[in-house]
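One letter stands for each residue in the lines below.
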Amino acid sequence: MDNKALEMISYGMYIVTTKNEDKSYGCVINTLTQVTAKNVLVAITLNKENATNQALKTSKKCAVSILSERATSDLIAKFGYFSSRDTDKFQEVATQNVEEIPVVTEGVCSYLVGEVVNVVSCDTHDIFILRVTKAEKL
């Protein structure tokens, strides 16, 4: 198999955030897809070893901030290269609370808030199916 062919798949960049027991969690992902148009469902994937994955399984609610071209490499690095287990990723980052979830608003063109309706295990990752409860274009 030519794995280089997989590099041709287009991706966006997103920051998934959640809150569990008064602690905020977040990470960068590159997989989000709309599943249904009516009673909107979307699917996201998170690595099983990621602290945000574990927090989302407990909280059952998250936000997905859709990064724009204005997103800085520092923002992407903060949420992509460090663990929420031992780093406060939200320090010095513009956010707002929406439905009790911290939403990153810096370098973002829109966001979704959703509730987990299903989790599907796929080897190293989990697919979270979310029912979108709020969406806003910034």
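Our structure is the block above this text.
This section reports on the structure supplied with the text. All of these numbers come straight from a predicted model, not from anything done at the bench.

Side note on the environment of Leu 112
By secondary structure assignment, the location of Leu 112 is in strand E8 (residues 108-122). Residue class for Leu 112 comes out buried when judged on its relative accessible area of 16%. Placed 107 residues apart in sequence, Leu 112 and Ala 5 show a C-alpha to C-alpha distance of 30 Å. Apart from the residues lying within four places of it in its own chain, the contact partners of Leu 112 are Leu 32, Val 42, Cys 62, Ala 63, Val 64, Val 132, Lys 134 and Ala 135.

What to know about the pattern of salt bridges
According to the stated counting rule, one finds 3 salt bridges in the structure shown. Asp 126 is paired through a salt bridge with Lys 57; the nearest N and O atoms lie 2.7 Å apart. Of this pair, Asp 126 sits in strand E9 (residues 125-137) while Lys 57 sits in helix H1 (residues 51-59); the two residues are 69 residues apart in sequence, bridging distant segments of the chain. When the shortest N-O distance is used, the salt bridge between Glu 99 and Lys 61 registers 3.2 Å.

Comments concerning the pairing of E9
As paired strands, strand E4 (residues 41-47) and E9 are joined by 7 bridges and run antiparallel to one another. Bridging from a neighbouring strand, Leu 41 pairs with Arg 131 of E9. Relative to E9, E8 is paired through 12 bridges, and the arrangement is antiparallel. In the strand pairing of E9, Tyr 111 is matched with Glu 136. If you look at the hairpin formed by E8 and E9, you'll find 2 residues sitting between the two strands, and Asp 123 has a positive phi there, around 50°.

Digging into the state of the cysteines
Scanning all chains against the criterion turns up 0 disulfides. Here Cys 62 stays free of any disulfide, with the sulfur of Cys 27 as its closest cysteine sulfur at 9.4 Å. Take Cys 62: its relative accessible area is 1%, and that puts it in the buried class. Residue Cys 122 stays outside any disulfide, its sulfur separated by 16 Å from that of Cys 27, the closest cysteine. Overall, Cys 122 belongs to the partly exposed group, its relative accessible area being 32%.

A look at H1
Among all positions of H1, only Ala 51, Thr 52, Asn 53, Ala 55 and Leu 56 are buried. Residues of H1 that are buried in the fold lie against strand E1 (14-20), strand E2 (23-29), E4, strand E5 (61-67), E8 and E9. The N-terminus of H1 is capped by Asn 50, whose side-chain oxygen sits 2.7 Å from the backbone nitrogen of Thr 52. Lys 60 lies just past H1 and shows a positive phi near 65°.

A few points about the side chain of Ser 84
As for its position among the elements, Ser 84 is in the loop between helix H2 (73-80) and strand E6 (95-98). Among the polar contacts made by the side chain of Ser 84, one reaches the main-chain amide nitrogen of Gly 26 at a distance of 3.2 Å. Dropping the residues within four chain positions of it, Ser 84 is found in contact with Lys 23, Tyr 25, Gly 26, Ala 51, Thr 52 and Lys 89.

With respect to the sheet that holds E2
The strands making up a sheet associate through backbone hydrogen bonding, with each pair oriented either parallel or antiparallel. Spatially, E2-E1-E5-E8-E9-E4-E3 is the arrangement adopted by the 7 strands of the open sheet, whose pairing is antiparallel. Unpaired on one side and paired on the other, E2 and strand E3 (32-36) mark the two borders of the sheet. Taken over all neighbouring pairs, the strand axes of this sheet differ in orientation by 35° on average, direction set aside. Here H2 sits on the sheet and contacts E1, E2 and E5; the angle it forms with E2, its principal contact strand, is near 115°.

Conventions and cut-offs
- Residues numbered from 1 in each chain as written.
- Predicted model: local features only at pLDDT ≥ 70, side-chain atom pairs only at ≥ 80, totals over all residues.
- Heavy atoms only, no water.
- Helix = DSSP H or I, 4+ residues; strand = E, 2+ residues; numbered from the N terminus.
- Buried < 20%, exposed > 50% of the residue type's maximum accessible area, 1.4 Å probe, protein only.
- Contact = heavy atoms within 4.5 Å.
- Salt bridge = Lys/Arg side-chain N within 4 Å of Asp/Glu carboxyl O.
- Pairing = 2+ DSSP bridges.
- Disulfide = S-S within 2.5 Å.
- Polar contact = N/O pair within 3.5 Å; in protein donor to acceptor, adjacent residues only side chain to side chain.
- Axes fitted to C-alpha atoms, helices over the stretch in contact; angles between N-to-C directions.

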